[in-house]
Amino acid sequence: MDGRYSFEDFIHIVEKLRGEEGCPWDRKQTHESLRPCMMEEAAELLSSIRIYEKTGNAENMREELGDILLQVMLHSQIAKEEQLFTLEDVIHEISAKMVRRHPHVFGNENKGKQEDEIRADWEEIKRKEKEGKTWIESPLREIPEELPALSRASKVLKKLDRLYGKGNSYEENAKQMERAIKKLAQLQPDGNQMELQELMGDILVNLSDIARLKKIPLEQILTDRIEDMIDQYEPVEEP
């Protein structure tokens, strides 16, 4: 024993936190109450990846991955107490999903397929997995509204094009944006607020569609651009 905690130790720690003599905060948590925690921890993990890319220091990323894992463990423990499912069920399901969705890795029939063929197989496997799932209202409403709006827009537009053939081309999006920007320039500064919002919405949708077509992570490039602006006015001093 080298004094390091194991995964089994971690399971027991979370069980104790949720137990009768555990932490009052941990004991009162529910799936619903933990939603903001997961959102915050996911954002902090993304921040830690950015820090790693800038500095080469992975210490913060390691810590934030642990915080994400804690959220998974808490939800799994709560579900176990509610007799819904267990951590073992969670591990089994994701393992089975990865094997099922990678027949080109774990099977024999798809060896040698190209990336576009593999992606098509992936989408077909996902489609079959969702058959009979009662919580899926419709293909477009399946995309979580909890996603950041720009990311969700690109996903909705991608599915809209694939399922209903309603996607614009790069050129069509550019022309629509150009018309909207011209209207925007002609608006009076104190003019119709609703019209201004509609024009801005149209421009954002067109940008999201271009991001979809070009496989550009729009949310990330906006975040990076904001960071560039901050660095411009508040440069980080070298130690």
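Residues numbered from 1 in each chain as written. Predicted model: local features only at pLDDT ≥ 70, side-chain atom pairs only at ≥ 80, totals over all residues. Heavy atoms only, no water.

Is there a simple way to think about the pattern of salt bridges in this case?
Applying the stated rule across the entire model yields 15 salt bridges. A salt bridge links K80 to E15; the nearest nitrogen and oxygen atoms lie 3.6 Å apart. Taken together, the positions of K80 in helix α4 (residues 59–81) and E15 in helix α1 (residues 7–18) put the pair 65 residues apart, joining distant regions of the chain. For K159, the salt bridge goes to E142, with nearest N and O atoms at 3.2 Å. Of the two residues, K159 sits in helix α8 (residues 149–164) while E142 sits in the loop between α7 (115–129) and α8, which places them 17 residues apart along the sequence. Judged by relative accessible area, which is 13%, K159 ranks as buried. Judged by its relative accessible area of 25%, E142 is partly exposed. Overlapping salt bridges, with partners in common, bring together E32, R35 and E146 in one network. (Salt bridge = Lys/Arg side-chain N within 4 Å of Asp/Glu carboxyl O. Helix = DSSP H or I, 4+ residues; strand = E, 2+ residues; numbered from the N terminus. Buried < 20%, exposed > 50% of the residue type's maximum accessible area, 1.4 Å probe, protein only.)

Explain a negative patch on the surface to me, please; I cannot follow it from the model alone.
Together, E40, E44, E59 and E63 line one region of the surface with negative charge. Elements supplying a minimum of two residues to the negative patch: α3 (35–55) and α4. Mapped onto the elements, E63 comes out in helix α4. (Patch = residues over 30% accessible without salt bridge, like charges linked within 9 Å, V, L, I, M, F, W, Y side chains within 5 Å. Areas by Shrake-Rupley, 256 points an atom, 1.4 Å probe, with all protein chains shown as cover. Lys, Arg positive; Asp, Glu negative; His and termini not counted. Charge placed at Lys NZ, Arg CZ, Asp CG, Glu CD.)

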